[in-house]
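Analysis of the macromolecular model
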Amino acid sequence: MPTFASTDEQLAYIKKGAAEIVKESELREKLEKSRASGKPLRVKLGMDPTAPDLHLGHTVVLRKLKHFQDLGHTAIFLIGDFTGMIGDPTGRSATRPPLSREQIEQNAETYKAQVFKILDPQKTVIDFNRRWFAKFTADDFIRLAAKYTVSQMLEREDFHKRFSEEKPIAVHELLYPLAQGYDSVALEADVELGGTDQKFNLLVGRELQRAYGQEPQVVLTTPILEGLDGVQKMSKSLGNAIGIHEPPLEMYGKIMSISDEVMWRYYELLTDLSMAEIEKMKRESHPMQAKKDLARRIVADFHSADAAAKAGEDWAKQFQKDQVPESIEPMTLEGSKAGATAVRLADVLPDSGEGGSTQNVNLNPSDPVKWVIRADKMINAVGLSSSIAEAGRKIKEKAVTINGHLVLKLAVVLSGEQPLTVRVGRRIKKVTLSLP
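Let me begin by describing the structure that accompanies this report.

Parameters at a glance
- Residues numbered from 1 in each chain as written.
- Predicted model: local features only at pLDDT ≥ 70, side-chain atom pairs only at ≥ 80, totals over all residues.
- Heavy atoms only, no water.
- Helix = DSSP H or I, 4+ residues; strand = E, 2+ residues; numbered from the N terminus.
- Buried < 20%, exposed > 50% of the residue type's maximum accessible area, 1.4 Å probe, protein only.
- Contact = heavy atoms within 4.5 Å.
- Pairing = 2+ DSSP bridges.
- Axes fitted to C-alpha atoms, helices over the stretch in contact; angles between N-to-C directions.
- Phe/Tyr/Trp six-rings, centres within 6.5 Å; stacked < 30°, edge-to-face > 60°.
- Core = buried A, V, L, I, M, F, W, Y, C linked by side-chain atoms within 4.5 Å.
- Salt bridge = Lys/Arg side-chain N within 4 Å of Asp/Glu carboxyl O.
- Left-handed = near helix turned anticlockwise from the far one by under 90°.
- Nonpolar A, V, L, I, M, F, W, Y, C, P; charged D, E, K, R; others polar.

**A look at the overall build of the protein chain**
Each helix and strand counted, the protein chain has 18 helices and 15 strands in total. Split into buried and exposed, the 436 residues of the protein chain put 46% on the buried side. Sequence separation of 24 or more characterises 72% of the internal contacts of the protein chain that already satisfy a separation of 6 or more.

**Structural notes on the sheet that holds strand β4 (residues 124-128)**
Taken together, six strands build an open sheet; the order of strands is β1-β6-β5-β2-β3-β4 and the sheet is mixed. The two strands at the open ends of the sheet, each matched to only one other strand, are β1 (20-22) and β4. Taking each pair of neighbouring strands and ignoring which way they run, the sheet shows an average axis angle of 25 degrees. Bridging between strand β2 (residues 42-47) and strand β3 (residues 74-79) involves six bridges; their strand directions are parallel. Bridge pairing links Leu45 to Phe77 in β3.

**Things to note about the pairing of strand β14 (residues 420-424)**
Within β14, four of the five residues are buried, leaving the element largely enclosed by the surrounding structure. Looking at chain direction, strand β11 (residues 400-402) and β14 are connected through three bridges and run antiparallel. Paired with Val400 across the strands is Val424, a residue of β14. Between β14 and strand β15 (residues 427-434), which pair antiparallel in sequence order, lie two residues; one of them, Gly425, sits at a positive phi of approximately 65 degrees.

**Notes on the packing of aromatic side chains**
This model, assessed by the stated rule, comprises ten aromatic pairs. Arranged with centres 5.1 Å apart and planes meeting at 70 degrees, the rings of Phe133 and Phe136 form a pair that is edge-to-face. Neither residue differs from the other here; Phe133 and Phe136 are each classed as buried. Ring geometry for Phe136 versus Phe141: centroids 4.9 Å apart, planes at 70 degrees, classification edge-to-face. Aromatic rings pair up to connect Phe82, Phe133, Phe136, Phe141, Tyr182 and Tyr212 into one cluster.

**Examining the nonpolar core**
In this structure, Leu27, Leu56, Leu62, Phe77, Leu193 and Tyr267 are the most contacted members of the largest nonpolar core, which totals 63 residues. Per element, the largest residue contribution to this core is seven residues, and it comes from helix α13 (residues 260-270). Not counting chain neighbours up to four residues away, the residues in contact with Leu27 comprise Leu11, Ile14, Ile21, Leu41, Val191 and Val218.

**Quick look at the pattern of salt bridges**
The tally for this structure, following the rule as stated, stands at 24 salt bridges. The closest approach of N and O atoms between Asp301 and Arg63, which form a salt bridge, is 2.8 Å. Of the two residues, Asp301 sits in helix α15 (residues 287-302) while Arg63 sits in helix α3 (residues 56-70), which places them 238 residues apart along the sequence. Note that Asp140 is salt-bridged to Arg143, the shortest N-O span being 2.8 Å. With Asp140 and Arg143 both in helix α7 (residues 138-145), this residue pair falls three residues apart, about one helical turn.

**Thoughts on the packing of α13 against α15**
The interhelical angle for the contact between α13 and α15, taken along N-to-C directions, is 40 degrees, at an axis separation of 10 Å. Regarding α13 and α15, the two cross each other, and that crossing is left-handed. Across the interface between the two elements, Asp260, Met263, Trp264, Tyr266, Tyr267 and Leu270 from α13 touch Pro287, Ala290, Lys291, Asp293, Leu294, Arg297, Ile298 and Asp301 from α15. Among the residues making up the contact of α13 with α15, the classes are represented as nine nonpolar, no polar and five charged.

**What to know about the environment of Glu29**
Checked against the element boundaries, Glu29 lands in helix α2 (residues 24-37). Using a relative accessible area of 42% as the deciding quantity, one classes Glu29 as partly exposed. Considered as a pair, Glu29 and Thr7 are 22 residues apart in the sequence and their alpha carbons are 9.0 Å apart.

**A word on unusual backbone geometry**
Residue Lys23 follows Val22 across a cis peptide bond; omega there is -5 degrees. Mapped onto the secondary structure, Lys23 falls in the loop between β1 and α2. Positioned with a positive phi, Glu188 is a non-glycine residue whose angle comes to about 50 degrees. Of note, Glu188 is situated in the loop between α10 (171-187) and β5 (191-195).

Just distances and angles here, no functional claims.
Rendered as structure tokens:
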């Protein structure tokens with residue numbers, strides 16, 4: 001029979017980084033019963049495979065599932081391969097286009113690999129809700145729909161808003177919370193986890209379990225993680241995300257760019273440290289060292305301890321010692337994307353300073369052919385700016401170098417030396433131009 005920590009110890013660990021528990025008294029009761037019987041709680045987290053890659057914002061709730069797993073409970077990661085084809089209406093002002101079966105299956109495979117960056121693959125139950133919904137008949141769906149009312153559905157904020165604004169709500173969207181809620185019935189979940197934006201759907205699960213004669217699950221929600229800007233939620237579309245598959249140095253550098261205030265928020269939501277340990281660090285650690293430790297922990301979680309240590313060394317070279325890290329792999333860029341044009345040596349005018357139209361960088365008189373590129377286009381194409389216009393501003397601010405030469409003009413004449421070391425501020429890329 002498994003041995004569990006005391007109820008108070010378990011609650012303290014579970015509550016760390018939790019936004020809300022419905023109801024904490026019920027969770028305490030379930031934990032006490034679990035300790036007495038030796039039977040672990042069944043803790044469910046469902047995710048629809050609507051995108052192929054996860055970022056750190058997705059891992060907040062995954063880490064909470066890990067905390068239950070650390071405490072000896074059964075972690076169930078449910079892939080919504082059925083509900084994903086309906087499309088979660090949460091936070092939507094219009095109907096979400098459903099994904100195809102092929103897209104769902106491709107994304108589901110990547111999810112299985114990615115969640116094991118956090119969860120123990122030997123102790124995690126992976127399930128798919130098509131397992132029971134594939135057997136559902138029309139009768140089953142009608143009986144399920146009879147368990148909930150339209151007025152209850154319209155209490156949901158996004159539905160209520162769309163209804164008030166006379167925007168369409170498709171019937172299949174009303175089915176989504178019922179389908180997600182039924183997952184808890186099928187799995188006989190004791191606890192269900194989700195972000196704060198999922199609270200309505202999770203509470204539907206509680207009601208459906210009651211309707212099907214089960215003890216209602218406890219609902220635990222986790223906060224929505226702020227992105228690198230510390231203001232908006234982490235999102236790839238907002239450009240403030242850290243993907244869990246990003247290279248170690250890039251991941252490390254992004255974490256080092258956050259504010260001290262956001263750093264402690266990340267410690268709470270993205271690490272397994274207890275609140276007591278975090279509070280001690282706040283009192284005793286220098287913010288810079290604390291941030292390096294956080295970056296190392298997160299990189300180690302998704303890569304390895306060695307990769308994290310190397311990223312730390314390379315980051316120090318790049319940002320503290322003004323050196324070029326050895327670990328930066330050259331990337332290849334089509335010359336056309338940098339606006340590359342071949343010119344003969346005789347046609348290249350001497351560099352005429354800031355007032356001229358072109359700038360020579362590393363001219364080698366023995367090279368008969370030179371290349372004129374648009375530095376702003378190249379900077380944007382390799383991801384060192386959000387737009388060509390921003391790249392142009394960086395050049396005007398004298399924040400750009402190529403092979404150690406300060407770039408002063410948009411048009412730059414290059415010799416054949418490759419790769420190019422392109423630096424914008426403290427960010428560096430090694431670029432090999434693919435030229436005819």
